[in-house]
Amino acid sequence: KTVPCVDQLMDVTFINAVDGPCLSLMVPVLSRCLKERRMENRRKASLVVGNMCGLVTDGKALVRYAPALVPELLLCVKDSNPEMRQYGASALAALLKGMASAHLSARFDELEGNLDKLQKDMVSDNEETRKKGERGIQELVDIAMGDATKTKHSA
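In this text the structure is predicted, and so the values were computed from the model without any measurement.

All right, on to the packing of aromatic side chains then. Applying the stated rule across the entire model yields zero aromatic pairs. A cation sits over an aromatic face here: Arg43 above Tyr87, 5.5 Å from the ring centre.

Before going further, it helps to spend a moment on the nonpolar core. In terms of nonpolar packing, the biggest core is built from 42 residues, with Leu23, Leu30, Met52, Leu92, Leu95 and Ile137 touching the most fellow members. Every element with two or more residues in this core is listed here: helix 1 (2-10), helix 2 (20-34), helix 3 (39-53), helix 4 (59-77), helix 5 (82-103), helix 7 (115-122) and helix 8 (127-154). Per-element tally for this core: the top contributor is helix 4, with 11 residues. Residues in contact with Ile137, not counting those within four places in the same chain, are Leu74, Leu92, Leu115, Leu118 and Met122.

This next bit is on the confidence of the model for the protein. Put simply, the protein has an average pLDDT of 80, and 83% of its residues get 70 or more. Here residues 149-155 is modelled with pLDDT under 50, and outside its nearest four sequence neighbours on either side it reaches three contacts, counting other chains as well.

What follows covers the pattern of salt bridges. The full count for this structure, using the stated rule, is three salt bridges. As a salt-bridge pair, Asp7 and Lys44 come within 2.6 Å of each other at their nearest N and O atoms. Of this pair, Asp7 sits in helix 1 while Lys44 sits in helix 3; the two residues are 37 residues apart in sequence, bridging distant segments of the chain. Asp7 sits in the partly exposed class, given a relative accessible area of 28%. Across the pair Glu40 and Arg43 runs a salt bridge whose closest N-O atoms are separated by 2.5 Å. Taken as a pair, Glu40 and Arg43 lie in helix 3 at a separation of three residues, close to a single helical turn.

Tallied over the full model, the rule gives zero disulfides. The closest cysteine sulfur to the non-disulfide-bonded Cys5 is located on Cys33, 8.9 Å from its own sulfur. Of the residues examined, Cys5 reaches a relative accessible area of 31% and is grouped as partly exposed. Of all cysteine sulfurs, the one in Cys33 lies closest to Cys76, which takes part in no disulfide; the gap is 9.6 Å. Judged by relative accessible area, which is 1%, Cys76 ranks as buried.

Cut-offs applied
- Residues numbered from 1 in each chain as written.
- Predicted model: local features only at pLDDT ≥ 70, side-chain atom pairs only at ≥ 80, totals over all residues.
- Heavy atoms only, no water.
- Phe/Tyr/Trp six-rings, centres within 6.5 Å; stacked < 30°, edge-to-face > 60°.
- Lys NZ or Arg CZ within 6 Å of the ring centre and 35° of its normal.
- Core = buried A, V, L, I, M, F, W, Y, C linked by side-chain atoms within 4.5 Å.
- Buried < 20%, exposed > 50% of the residue type's maximum accessible area, 1.4 Å probe, protein only.
- Helix = DSSP H or I, 4+ residues; strand = E, 2+ residues; numbered from the N terminus.
- Contact = heavy atoms within 4.5 Å.
- pLDDT = per-residue confidence, 0-100.
- Salt bridge = Lys/Arg side-chain N within 4 Å of Asp/Glu carboxyl O.
- Disulfide = S-S within 2.5 Å.

This is the structure in structure tokens:
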């Protein structure tokens, strides 16, 4: 049931802002599809995550759902298939950018400038470059998740 649902989401052209209630419906389905074995299913879910995050107007809404998506997207980024790494990196970058508007520190702003380079590094054929990109993205994720937790508890 998850894959047909994601297939339907692939056909959606996001034109309106994505808000908390919309995320509450979509994220569990996308998270589950990101756990699928078939690369095609994970690719579709990554594409939907990337498109969806680009239209989230309130980054705080994304913060609540980041723990469901980030671990799965990180696995996509570390996939042995370069195409899957690219889709995972793009979706993860979109998620981090969507969250950035809400609460992230000045350190993230500095690192965000390198996000495009990190995305390219993660899909490199050179293993050392790929590992460097993965470390950079992991640092961004750690900052995002740490700041998100602080924001949640202080709100």
